[in-house]
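Residues per chain are reported as follows:
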Amino acid sequence: MIQECVTGVTEFQSLCGKLDSPATRETLQDQMKLVTEEAKELSFAIDNESSEQVLKEMCDLLVVVTGMVAMLNRSGYRVYEAWKAVNDNNMTKFSASQTDGYYTLAGYEATNNGSYELRQVDIDKWGCFNDNNKLMKPIGYTKISVKEFTPQRKEQ
């Protein structure tokens, strides 16, 4: 089902002429403006409108984000491979033991404002979350590079 939606968005982007040439900073910025606009509309809907409108705005946001994915794919970016690598790396933000989780918790509490909570999220996974429910990076976290999924050409 997701692939069908991606195919539909790609067809729409193509018909709009957005896939006729490689993505540039300008075309990506234009698409990003649409992403920002739709994200603002979704935020407004969450705060002020019906659940039906929230769903509609979420779908609009997915369409414009998927449009940007199509633009990047057509320009040689390996978005899906990078997406998987980023998701795999995100999973390393969980500690494999409660003890390691407490080290992360203690580190954040000692060096940052705000409150933090250690939660067991699976049988062998612990996460340190801030007061906005964001999963925090553990001590020793390694940032991922997606360079291998990026076309090797001069930046525009």
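Look above for the structure.
Every chain is numbered on its own, with residues counted from 1 as its sequence reads. Given that this is a predicted model, residues contribute local features only at a pLDDT of at least 70 and side-chain atom pairs are listed and counted only at 80 or more, while totals for whole chains, interfaces and linings are drawn from all residues. With hydrogens and water excluded, all non-hydrogen atoms of the structure serve as input to the side-chain values.

Undergrad: Pulling in residues and values, what's your account of the overall build of the chain?
TA: Secondary structure counts use DSSP, requiring at least four H or I residues in a row for a helix and at least two E residues in a row for a strand, with both numbered from the N terminus. On a plain count of helices and strands, the chain comes out with five helices and two strands. Of the regular secondary structure in the chain, the N- to C-terminal order runs α-α-α-α-α-β-β. The quantity called the radius of gyration is restricted to C-alpha atoms. Its globule counterpart is 2.2 Å times the number of residues to the power 0.38. Its C-alpha atoms give the chain a radius of gyration of 20 Å, clearly above 15 Å, the size a compact globule of 156 residues would have. Once the C-alpha set of the chain is aligned to its principal axes, its extents read approximately 55 × 45 × 30 Å. The buried label goes to any residue with under 20% of its type's maximum accessible area, the exposed label to any with over 50%, and the partly exposed label to all in between, with areas taken from a 1.4 Å probe on protein chains only. The buried share of the chain, taken over its 156 residues, is 28%. Note on contacts: a residue pair qualifies if any of its non-hydrogen atoms lie within 4.5 Å across the two residues. Expressed as a percentage of contacts within the chain between residues at least 6 apart in sequence, the contacts between residues at least 24 apart total 56%.

Undergrad: Got a sec to walk through unusual backbone geometry? Specific residues and values, please.
TA: At Asn133, a position not held by glycine, the phi torsion is positive, near 65°. Considering the arrangement of structural elements, one finds Asn133 in the segment after β2 (125–130). Classification of Asn133 by relative accessible area gives partly exposed; the value is 48%.

Undergrad: Go over the environment of Lys84 with me, naming the residues and quoting the values.
TA: Considering the arrangement of structural elements, one finds Lys84 in helix α4 (residues 79–91). Taking the C-alpha atoms as reference points, Lys84 and Gln13, 71 residues apart in sequence, are found 23 Å from one another.

Undergrad: Kindly report on the packing of aromatic side chains, identifying the contributing residues and their values.
TA: Geometrically, a pair of aromatic rings is defined through the distance of the ring centres and the angle of the planes. When two rings of Phe, Tyr or Trp (its six-membered ring) have centres within 6.5 Å they constitute a pair, described as stacked for plane angles under 30 degrees, edge-to-face for angles over 60, and tilted for the intermediate range. Counted according to the given criterion, the structure contains two aromatic pairs. Charge-over-ring contacts are defined here by two conditions on Lys NZ or Arg CZ: a distance within 6 Å of the ring centre and an angle within 35 degrees of the ring normal. Seen from the ring of Phe129, Arg119 lies directly overhead, with NZ or CZ sitting 4.0 Å from the centre.

Undergrad: I'd like a rundown of helix α2 (residues 25–48), residues and numbers included.
TA: Because each turn of an α-helix spans 3.6 residues, side chains separated by three or four positions end up pointing in the same direction. An expected span of 1.5 Å times one less than the residue number is assigned to each helix. Given a rise of 1.5 Å per residue, 24 residues ought to cover 34 Å, and the 34 Å separating the end C-alpha atoms of α2 matches this to within 8%. Taken together, the buried positions of α2 are occupied by Gln31, Val35, Glu38, Leu42 and Ala45. Those residues of α2 hidden inside the fold are in contact with α1 (2–15) and α3 (51–74).

Undergrad: Describe the pattern of salt bridges, listing the residues and the values that go with them.
TA: Any Lys or Arg side-chain nitrogen located within 4 Å of an Asp or Glu carboxyl oxygen qualifies as a salt bridge. Counted under the stated rule, the structure contains five salt bridges. Two residues, Asp60 and Lys56, come together in a salt bridge whose shortest N-O distance is 2.4 Å. With Asp60 and Lys56 both in helix α3 and four residues apart, the pair spans about one turn of that helix.

Undergrad: Any details on the side chain of Asn89? Residues and values, ideally.
TA: Note on placement: Asn89 falls in helix α4. Of the residues examined, Asn89 reaches a relative accessible area of 12% and is grouped as buried. In the analysis that follows, any N or O atom pair within 3.5 Å is treated as a polar contact, provided that within protein one partner can donate a hydrogen and the other can accept it, and provided that, for residues neighboring in sequence, both atoms belong to side chains. At a separation of 3.1 Å, a polar atom in the side chain of Asn89 contacts the main-chain carbonyl oxygen of Thr142. Ignoring any residue separated from it by four or fewer positions in sequence, one finds Asn89 in contact with Tyr141, Thr142 and Ile144.

Undergrad: Kindly report on α4, identifying the contributing residues and their values.
TA: The first and last C-alpha atoms of α4 sit 18 Å apart over 13 residues, in line with the 18 Å expected at 1.5 Å per residue. Listing the buried residues of α4 in full gives Val79, Ala82, Ala85 and Asn89. What you see down the axis of α4 is that its buried residues fit within an arc of 125°, all on one side. Facing away from the buried surface of α4 by more than 90 degrees, the exposed residues are Trp83 and Lys84. In this description, one arc is meant: the one made by directions from the helix axis to the C-beta atoms.

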